[in-house]
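Coordinate inspection notes
Each chain, written out:
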Amino acid sequence: MRISVIIPTFNEEQHIGQLVDFIFGHGDGSVAEVIVVDGNSTDCTVEVAGKTGARILRCATKSRAAQMNLGATEATGDIIYFVHADVKLVDTFVSDIKEALNAGFDAGCYRYQFDSKKSILKINAYFTRFDRIMCRGGDQTLFIKKRVFEELGRFNEHFIIMEDYDLIRRIQKRYKFRIIPKSILVSDRKYHTNSWLRVQLANLTIFLMYLSGVSPQKMARYYKKLLDYR
């Protein structure tokens, strides 16, 4: 088993170097490559990532779906692992993924905790253990057999928001999906400039819009109005 780790980035110079170093340091000989796909960062993300030994791809579109698809196209591994730049993985990510695949699963993710001591965020994190689509998200990372990813038609680039939910829903309709009972660490930076309630209301609103079939462009515009985030 060879894992290609794909990281979409935009202005992540503070996180990308440490993350790539961690992945290579705990790859256990199974990480074929780390592919950083940048969406036209205006900081030093590309330069920092380049020094770590990651492969650098530049995507003409700042869109996670497009960036991750580009990375998958170039990936040489038989397993693809999509990781956001601001997460902290567990040391055992390689053996965890191997265990899930050997047990017959085709894709999966982790639970998560926030890098915060706030009790209210611990409540959010608690629900990531449940097998419900509303409890999923790209922050939890996503591993998937490359063959399965291609069979599903990859990320739908029409979704400039909610692309991860769309893919996971398609996975769960046809394949076995594993929620690994360990937690990665997710940044709480979205909550620094927005209250907990504001973020929850924004997430719920966008999720309901998504289920109602509202266009991704409209959802993205509305989300930017609801939250002060990146």
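Predicted model only: the values in this text are computed from it and were never measured.

The 8 strands are arranged β3-β2-β1-β4-β7-β6-β8-β5 in an open sheet whose pairing can be described as mixed. The open sheet has two edge strands with one neighbour each: β3 (55-58) and β5 (87-88). Two elements, strand β4 (residues 79-82) and strand β7 (residues 142-145), share 4 bridges in a ladder whose sense is antiparallel. Each residue of the ladder has a partner; that of I80, found in β7, is I144.

Moving on, we come to the pattern of salt bridges. A side chain of one charge can pair with a side chain of the opposite charge if their charged atoms are brought near each other. Across all of its chains, the model carries 8 salt bridges by this definition. A salt bridge links K182 to D96; the shortest N-O distance between them is 2.8 Å. Separated by 86 residues along the polypeptide, K182 in strand β8 (residues 177-186) and D96 in helix α4 (residues 93-102) bring together distant segments of the chain. Linking R147 and E151 is a salt bridge whose minimum nitrogen-to-oxygen distance equals 3.1 Å.

Counting across every chain of the model gives 12 aromatic pairs. Relative to F130, the ring of F127 lies with its centre 5.9 Å away and its plane at 55°, an arrangement referred to as tilted. Ring centres of F207 and Y210 lie 6.3 Å apart, and the angle between their planes is 50°; on these two criteria the pair is classed as tilted. Of the two residues, F207 and Y210 both sit in helix α8 (residues 196-211), 3 residues apart, roughly one turn of that helix. Feature note: the residues F159, Y165, F207 and Y210 constitute an aromatic cluster, connected by ring pairs. The ring of F105 is capped by K176, whose NZ or CZ atom sits 4.8 Å from the centre of that ring.

A separate point is α8. The end-to-end C-alpha separation of α8 is 23 Å, in line with the 22 Å expected for 16 residues at 1.5 Å each. On its buried face, α8 is in contact with α7 (163-174) and α9 (216-226). Where α8 terminates, the next one or two residues include G213, which has phi positive at roughly 85°.

Let's shift gears to the environment of V31. Among the structural elements, V31 can be located in strand β2 (residues 31-38). In the structure, V31 is positioned 144 residues away from Y175 in sequence and 24 Å away in space, judged by C-alpha atoms. Other than its neighbours up to four places away in sequence, V31 contacts R2, I3, V5, I23, F24, F93 and V94.

A cluster of nonpolar side chains, I120, I123, Y126, F127 and F130, forms an exposed patch at the surface whose accessible area comes to about 460 Å². With respect to the helices, strands and loops of the structure, F127 is situated in the loop between α5 (119-126) and β7.

Procedures and definitions
Residues numbered from 1 in each chain as written. Predicted model: local features only at pLDDT ≥ 70, side-chain atom pairs only at ≥ 80, totals over all residues. Heavy atoms only, no water. Pairing = 2+ DSSP bridges. Helix = DSSP H or I, 4+ residues; strand = E, 2+ residues; numbered from the N terminus. Salt bridge = Lys/Arg side-chain N within 4 Å of Asp/Glu carboxyl O. Phe/Tyr/Trp six-rings, centres within 6.5 Å; stacked < 30°, edge-to-face > 60°. Lys NZ or Arg CZ within 6 Å of the ring centre and 35° of its normal. Expected span 1.5 Å × (residues − 1). Contact = heavy atoms within 4.5 Å. Patch = residues over 30% accessible without salt bridge, like charges linked within 9 Å, V, L, I, M, F, W, Y side chains within 5 Å. Areas by Shrake-Rupley, 256 points an atom, 1.4 Å probe, with all protein chains shown as cover.

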